[in-house]
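# Examination of the molecular architecture
Chain by chain, the residues:
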Amino acid sequence: MKLVKVLFATMAMVLTASMAFAADAGVASSVAYATALGMGIAAGLCGIGQGLGLKAACEGTARNPEASGKITVTLILGLAFVESLAIYALVVNLILLFANPLIG
Amino acid sequence: MIRKLETMLYKRGFTHPQVRTMVRNQLVLAVVSILLVNALTACSAWGWSFAAGCLLMTVNFWWMAKAGQKLVSAQRGAVTVLLILFYGRLALTGLALFALIAWLDASVSGLLVGLSTVVVNAITWGTANYMQKAKEA
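Okay, so let's go over this structure. (Residues numbered from 1 in each chain as written. Chains lettered and ligands numbered in written order. Predicted model: local features only at pLDDT ≥ 70, side-chain atom pairs only at ≥ 80, totals over all residues.)

## Regarding the overall build of chain A
In terms of helices and strands, chain A carries three helices and zero strands. Within the span of chain A, comprising 104 residues, buried residues form 17% of the whole. Looking at chain A alone, contacts between residues at least 24 apart form 67% of all its contacts between residues at least 6 apart. (Helix = DSSP H or I, 4+ residues; strand = E, 2+ residues; numbered from the N terminus. Buried ≥ 20, exposed ≤ 12 C-beta atoms within 10 Å, placed from the backbone. Contact = placed C-beta atoms within 7 Å.)

Right, here's the structure in full:
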């Protein structure tokens, strides 16, 4: 079942890509869709990651308030790492939209 | 110089010593790397893009560290801090990146290297701490 899903998804992507590359307007619209999808996925997953980190930090501080200092530092480091991923995704999407090297 | 910087950071609300050290390291890394890169590239477009990315990420890290400190310890006003500092900061970062890429034609590689300075700082800080603990053990 999983294999069939993957197969259908791949087919859909390949067919859409061939149609999209048929004309310039199609390429532009497919790039717009791709960036919207990419940013949505990146923001959603980074949000989940940051939320999990913050949840664990709050739980840890509630259980052991004396360890809040160390937890805060680790939390900030984790948030910085996750957020830099979201910012990288944003940069890539902005490049695709406004400075796309693949479209003349 | 470093002590003055630390005092300034303490006055600005960075009460936690380790968080203060991280922010201080980021500030020093940003200033040194911007000067070095612009000296090496003779203030080229790449150098300015690097500087823009570096400054953007440093400001971002400053506000995130401040918010992170308050989020864990503050009991009142945490929602306001979360909304204003977190989402406002992200929106401003997005706008700044949009302006840099779409309007100012910044060098993408320079921008990305500049944006990575926070990651470099965090990895260095983590490695240094790990080495220190390993030495003590």
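## Structural notes on the overall build of chain B
Along its length, chain B carries six helices and zero strands. By residue count, 34% of the 137 residues in chain B fall in the buried class. Put simply, of all contacts in chain B between residues at least 6 apart along the chain, 65% involve residues at least 24 apart.

## Examining unusual backbone geometry
Residue and element names in this part refer to chain B. Positioned with a positive phi, C43 is a non-glycine residue whose angle comes to about 55°. By C-beta crowding, C43 is classed as exposed, having 12 other C-beta atoms within 10 Å. Even without glycine at this site, D105 takes up a positive phi of about 50°. Within the fold, D105 resides in the loop between helix 4 (78-103) and helix 5 (108-115).

## Here's the deal with the packing of helix 1 (residues 2-11) of chain B against helix 2 (residues 17-40) of chain B
All names here are of chain B. At a minimum axis distance of 10 Å, the contact between helix 1 and helix 2 shows a crossing angle of 125°. By the criterion of interaxial angle, the relationship of helix 1 to helix 2 is oblique. Considering the relative orientation of helix 1 and helix 2, their crossing is right-handed. Contacts from I2, L5, E6, L9 and Y10 in helix 1 reach R20, V23, R24 and L27 in helix 2. Grouping the constituent residues of the contact of helix 1 with helix 2 by class yields six nonpolar, no polar and three charged. (Axes fitted to C-alpha atoms, helices over the stretch in contact; angles between N-to-C directions. Parallel < 35°, antiparallel > 145°, perpendicular 65-115°, else oblique. Left-handed = near helix turned anticlockwise from the far one by under 90°. Nonpolar A, V, L, I, M, F, W, Y, C, P; charged D, E, K, R; others polar.)

## A short note on the interface of chain A and chain B
Every contact between the two is made by 23 residues of chain A and, on the other side, 26 residues of chain B. If you list the elements that add at least two residues to the side of chain A that touches chain B, you get helix 2 (24-63) and helix 3 (68-98) of chain A. Element by element, the count of residues in the side of chain A that touches chain B is highest for helix 3 of chain A, at 19 residues. Broken down by class, the residue content of the side of chain A that touches chain B amounts to 17 nonpolar, five polar and one charged.

## Notes on the environment of T117 of chain B
Residues and elements named next belong to chain B. Within the secondary structure, T117 sits in helix 6 (residues 117-136). T117 sits 60 residues away from M57 along the chain, and the two C-alpha atoms are 7.6 Å apart. If sequence neighbours within four positions are ignored, T117 has contacts with L29, A30, S33, C54 and M57.

## Notes on the environment of F50 of chain B
All names here are of chain B. Among the structural elements, F50 can be located in helix 3 (residues 45-73). The exposure class of F50 is buried, given the 28 C-beta atoms found within 10 Å. Taking the C-alpha atoms as reference points, F50 and A99, 49 residues apart in sequence, are found 15 Å from one another.

## Observations concerning the packing of helix 3 of chain A against helix 5 of chain B
For the pair helix 3 of chain A and helix 5 of chain B, the least separation of the axes is 11 Å and the interaxial angle reads 170°. Judged by the angle between their axes, helix 3 of chain A and helix 5 of chain B are roughly antiparallel. Along its contact with helix 3 of chain A, which presents S84, I87, V91 and I95 of chain A, the element helix 5 of chain B presents V108, L111, L112 and L115 of chain B. When its residues are assigned to classes, the contact of helix 3 of chain A with helix 5 of chain B shows seven nonpolar, one polar and no charged.

## A look at the environment of G114 of chain B
Residues and elements named next belong to chain B. Assignment of secondary structure puts G114 in helix 5. For G114, a count of 29 C-beta atoms within 10 Å gives the class buried. A sequence separation of 73 residues divides G114 from T41, and the C-alpha atoms of the two residues are 14 Å apart. Discounting chain neighbours no more than four positions away, the residues touching G114 are S49, F50, A51, A52, G53, C54 and M57.

## Some points on the nonpolar core
If you look at the biggest cluster of nonpolar residues, it comprises 41 residues, and the most contacted ones within it are I76 and A80 of chain A together with A65 of chain B. For this core, the secondary-structure elements that each account for two or more residues are helix 2 and helix 3 of chain A together with helix 2, helix 3, helix 4, helix 5 and helix 6 of chain B. For this core, the leading source of residues is helix 3 of chain B, giving twelve residues. Not counting residues up to four positions away in its chain, the partners in contact with I76 of chain A are V19, M22, M64, A65 and G68 of chain B. (Core = buried A, V, L, I, M, F, W, Y, C linked by C-beta atoms within 7 Å.)

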